[in-house]
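Working through the structure, step by step
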Amino acid sequence: MSRSRDTDRYSRIAAIFHWGVAILLLVQIYVGWTFGDMERGALRTEWFNWHKTLGFAILLLTVGRLVWRLVNPPPAWPAQTPTWERWLARLNHAAFYIVLIGLSLTGWAYISTGSGALQSATTPLVGGLSFPFIPGLPRAGHAAFEDTHVLLVKVTYALLILHVGAVIKHLVFDRGAIASRMPPFTRREDRHKPTN
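Now for a quick tour of the structure.

Conventions used here
Residues numbered from 1 in each chain as written. Predicted model: local features only at pLDDT ≥ 70, side-chain atom pairs only at ≥ 80, totals over all residues. Heavy atoms only, no water. Helix = DSSP H or I, 4+ residues; strand = E, 2+ residues; numbered from the N terminus. Buried < 20%, exposed > 50% of the residue type's maximum accessible area, 1.4 Å probe, protein only. Contact = heavy atoms within 4.5 Å. Areas by Shrake-Rupley, 256 points an atom, 1.4 Å probe, with all protein chains shown as cover. Lys, Arg positive; Asp, Glu negative; His and termini not counted. Charge placed at Lys NZ, Arg CZ, Asp CG, Glu CD. Phe/Tyr/Trp six-rings, centres within 6.5 Å; stacked < 30°, edge-to-face > 60°. Lys NZ or Arg CZ within 6 Å of the ring centre and 35° of its normal. Axes fitted to C-alpha atoms, helices over the stretch in contact; angles between N-to-C directions. Parallel < 35°, antiparallel > 145°, perpendicular 65-115°, else oblique. Left-handed = near helix turned anticlockwise from the far one by under 90°. Nonpolar A, V, L, I, M, F, W, Y, C, P; charged D, E, K, R; others polar. Salt bridge = Lys/Arg side-chain N within 4 Å of Asp/Glu carboxyl O. Expected span 1.5 Å × (residues − 1).

1. Focus on the overall build of the protein
The secondary structure content of the protein amounts to six helices and two strands. Along the protein, helices and strands appear, N-terminal first, in the series α-α-α-α-α-β-β-α. A principal-axis box enclosing the C-alpha atoms of the protein has dimensions of 60 × 35 × 30 Å. Counting only residues that meet the buried cut, the protein has 34% of its 196 residues in that class. Of the contacts formed within the protein by residues at least 6 apart in sequence, a portion of 71% connects residues at least 24 apart. Here the protein has roughly 12,100 Å² of accessible surface; of this, 68% comes from carbon and sulfur atoms. Positive and negative side-chain charges of the protein, numbering 20 and 11 respectively, have mean locations separated by a distance of 7 Å.

Below you can see the structure in the form of C-alpha cells.
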C-alpha cells in the first residue's frame with residue numbers, strides 16, 4: 001500500500017489496540033453470560049476469575065489505546081464524509097471509551113466492596129496473578145456498583161450494534177474511503193492496486 005494511503009489509515013499500533021479490545025470484549029461477553037447462570041462453586045469461581053482477568057486486561061488496553069489516540073491523532077476523515085456521520089462516529093467512539101473504562105471500574109468497585117475484600121487486600125486472577133482491591137470504598141455501595149455495571153453492559157450491547165452496523169454500511173454498501181481506515185480492511189478498488 002502506498003504511503004499516501006497509509007496516512008488515511010489507523011496505524012498498526014492503533015489497529016492492535018482496536019482489535020485486541022474488540023476480541024477481549026467479545027470473549028468477556030461470552031464469559032459473563034456463562035458464569036452468570038452458574039451455581040456457586042469452584043467452577044463458577046474459575047469462570048469469575050476469568051471475568052475479572054479479562055476486565056482488567058480490557059481496562060489496561062482501553063487506557064493504553066486512549067493515550068495512544070491522544071498522542072497520535074486518528075487519520076483525517078475522507079472529504080466526502082457527511083457531517084452527521086463524523087459526529088455519530090465521534091460520539092460512538094467517545095461512548096465506547098467511557099463505557100469500557102466504566103465497566104471495568106464498576107466491576108472493580110463491586111468486588112472491592114464484597115466479602116472477599118474483608119479477607120484479603122487482593123483479588124485472584126487467572127494464572128496465579130492477583131490485583132489489589134480499591135481501598136476505602138463503602139460496602140453500602142456494593143449493590144449500586146453492581147446495578148451500574150449491569151446497566152453499562154446493556155449500553156455496551158447498543159454501542160456494539162451501532163458500531164458493527166456502521167462497519168457493515170461502509171464495507172458492504174458505501175465501499176468508500178472510510179471502509180479502509182481500520183486495517184486490515186481495504187476498499188475494493190484498492191485491493192488490486194500496486195503497493196508502490
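2. A look at the packing of aromatic side chains
Counted by the stated rule, this structure contains five aromatic pairs. Seen from their ring centres, Phe-35 and Phe-48 are 5.2 Å apart, and the 40° between their planes marks the pair as tilted. You can see Phe-35 sitting in helix H2 (residues 12-36) and its partner Phe-48 sitting in helix H3 (residues 42-71), a full 13 residues away along the chain. Judged by relative accessible area, Phe-35 falls into the buried class, the value being 9%. Classification of Phe-48 as partly exposed rests on a relative accessible area of 23%. Here the aromatic residues Phe-56, Trp-108 and Phe-131 are joined through ring pairs into a cluster of three or more. Between the NZ or CZ atom of Arg-90 and the centre of the ring of Trp-87, over which it lies, the distance is 5.7 Å.

3. With respect to the packing of H2 against helix H6 (residues 142-174)
Their axes nearest at 13 Å, the elements H2 and H6 cross at an angle of 135°. It follows that H2 is oblique to H6 by the angle criterion. Considering how the two elements wind past one another, H2 and H6 form a crossing that is left-handed. Residues His-18, Leu-25, Ile-29 and Trp-33 of H2 form the contact with H6, whose own contacting residues are Thr-156, Tyr-157, Leu-160 and His-163. Of the residues contributing to the contact of H2 with H6, the split by class is five nonpolar, three polar and no charged.

4. Structural notes on the pattern of salt bridges
As enumerated under the stated definition, the model contains one salt bridge in all. Linking Lys-169 and Glu-85 is a salt bridge whose minimum nitrogen-to-oxygen distance equals 2.7 Å. Of this pair, Lys-169 sits in helix H6 while Glu-85 is found in helix H4 (residues 83-112), placing the two residues 84 residues apart along the sequence.

5. Brief notes about H3
The end-to-end C-alpha distance of H3 is 44 Å, a good match for the 44 Å that 30 residues give at a rise of 1.5 Å each. All of the buried residues in H3 are Arg-44, Asn-49, His-51, Lys-52, Thr-53, Leu-54, Gly-55, Phe-56, Ile-58, Leu-59, Thr-62 and Arg-65. As for H3, its buried residues are in contact with H2, H4, strand S1 (122-124), strand S2 (130-132) and H6.

6. Considerations on unusual backbone geometry
Cis geometry marks the peptide bond from Pro-183 to Pro-184, where omega comes out at 10°. Take Pro-184: it is sitting in the segment after H6.

All quantities given are derived from atomic positions and should not be read as evidence of function.
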